[in-house]
Amino acid sequence: MDINTFIKELESLNIYPTQKQLDQLETYYKLIIDWNKKINLTRITEKGDVYLKHFYDSLTLIKAYGLNKKIKVCDAGTGAGFPGIVLKIVFDNIDITLVDALNKRVMFLNEVIKELELKNITTVHSRIEDFAKENREKFDLVTSRAVSRLNLLDELCIPLVKENGYFIPMKANLEGEIEEAESGIKKLGAQKEEIISFLLPKEGSVRNLIKIRKLNKTSIKYPRVFDKIKKNPL
């Protein structure tokens, strides 16, 4: 995906990036490539693929939620900053918290934030399960891209969401995940509203946005999932 195609595809999402935002994305890409030599940030490094499979893909969240307003967002298990950094570049109005379990990735994110002079963005070095214990009902929107199975994510992320807020995981393959997560979603005081499925332009990979609304405060404690993920922290 070249830059002109990238801009055109964003316009189909009703996103019209400024030159400053495009410059920030370019700087972000260069930082990814530079740091990727030192730590494992992504296997995708060809520029066109990064713009399509990381930058454009991150911004498809707008298909499920209006991001042009002042909201508190959490990106759980952000990795190299997808979707969180990309969302912050394009939607400067959001106040976003990026959570990741690997300190080296958090160091990278802090460097990106400094270089791009981003404001109202916070990084947290923590496992999601630990962060969730201290930050219940704090966010209007929680998202997580390509992190773990849905039934695990629900237990960790839904408690972070305010009443009437949303948890919207971004997933590729959903085979069997919705069915095994349904009962847990209900127990956590939430409901699945819809699944928005689409194909990435050009190469046609399947993507899914699962729109889960928090109906009331999470009353149950949720240690059940922690034993399952101690060996593979998010």
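Preceding this paragraph is the structure being described.
As the structure is a prediction and not an experimental result, all values here were calculated from the model.

### With respect to the packing of aromatic side chains
Here is step 1 of the chain: Counted under the stated rule, the structure contains 10 aromatic pairs.
Here is step 2 of the chain: The rings of Phe 6, Tyr 28, Tyr 29, Trp 35, Tyr 51, Phe 55, Phe 82 and Phe 108 are connected pair by pair, giving a single aromatic cluster.
Here is step 3 of the chain: Taking NZ or CZ as reference, Lys 38 lies 4.1 Å from the ring centre of Trp 35, over its face.
Here is step 4 of the chain: For the cation-ring pair, Lys 211 lies above Tyr 166, with the distance from its terminal atom to the ring centre recorded as 5.1 Å.

### A short note on helix H2 (residues 19-36)
For an α-helix the count is 3.6 residues per turn, leaving residues at separations of three or four pointing the same way.
Here is step 1 of the chain: Here H2 contains 18 residues, and its C-alpha end-to-end distance of 26 Å stays within 8% of the 26 Å for a straight helix at 1.5 Å per residue.
Here is step 2 of the chain: Taken together, the buried residues of H2 touch helix H1 (3-11), helix H3 (47-59), helix H4 (84-90) and helix H5 (103-116).

### Side note on the pattern of salt bridges
Here is step 1 of the chain: Going through the model one piece at a time under the given rule, you end up with 15 salt bridges.
Here is step 2 of the chain: Its salt-bridge partner being Arg 127, residue Asp 130 comes within 3.3 Å of it at the nearest N-O pair.
Here is step 3 of the chain: On the basis of relative accessible area, Asp 130 is assigned to the partly exposed category, the value being 31%.
Here is step 4 of the chain: Residues Arg 149 and Glu 180 are paired through a salt bridge, measuring 2.7 Å at the closest nitrogen-oxygen approach. In this pair, Arg 149 sits in the loop between strand S4 (139-145) and helix H7 (150-157) while Glu 180 sits in helix H8 (residues 177-187), placing the two residues 31 residues apart along the sequence.
Here is step 5 of the chain: Residue Arg 149 is classed as partly exposed on the basis of its relative accessible area of 36%.
Here is step 6 of the chain: A residue is classified by how much of its surface remains accessible, and Glu 180, at 35% relative accessible area, is partly exposed.
Here is step 7 of the chain: Here the salt bridges do not stand alone but share partners, grouping Arg 149, Lys 171, Glu 177 and Glu 180 into one network.

### Looking at the nonpolar core
Here is step 1 of the chain: Phe 6, Tyr 28, Phe 55, Ile 85, Phe 91 and Phe 108 are the most contacted members of the largest nonpolar core, which has 53 residues in total.
Here is step 2 of the chain: Elements that contribute at least two residues to this core include exactly H1, H2, H3, H4, strand S2 (95-100), H5, strand S5 (161-171) and strand S6 (190-199).
Here is step 3 of the chain: It is H2 that contributes the most residues to this core, 7 residues altogether.

### Quick notes on unusual backbone geometry
Here is step 1 of the chain: Residue Phe 82 is joined to Pro 83 through a cis peptide bond whose omega torsion reads 10°.
Here is step 2 of the chain: Residue placement: Pro 83 occurs in the loop between strand S1 (72-76) and H4.
Here is step 3 of the chain: Even without a glycine there, the phi angle at Glu 117 is positive, about 55°.
Here is step 4 of the chain: Positionally, Glu 117 belongs in the loop between H5 and strand S3 (121-125).
Here is step 5 of the chain: Here Lys 202, not a glycine, exhibits a phi torsion of approximately 75°, which is positive.
Here is step 6 of the chain: Mapped onto the elements of the fold, Lys 202 is located in the loop between S6 and strand S7 (206-214).
Here is step 7 of the chain: By relative accessible area, Lys 202 is classed as exposed at 66%.

Conventions adopted
Residues numbered from 1 in each chain as written. Predicted model: local features only at pLDDT ≥ 70, side-chain atom pairs only at ≥ 80, totals over all residues. Heavy atoms only, no water. Phe/Tyr/Trp six-rings, centres within 6.5 Å; stacked < 30°, edge-to-face > 60°. Lys NZ or Arg CZ within 6 Å of the ring centre and 35° of its normal. Helix = DSSP H or I, 4+ residues; strand = E, 2+ residues; numbered from the N terminus. Expected span 1.5 Å × (residues − 1). Contact = heavy atoms within 4.5 Å. Salt bridge = Lys/Arg side-chain N within 4 Å of Asp/Glu carboxyl O. Buried < 20%, exposed > 50% of the residue type's maximum accessible area, 1.4 Å probe, protein only. Core = buried A, V, L, I, M, F, W, Y, C linked by side-chain atoms within 4.5 Å.

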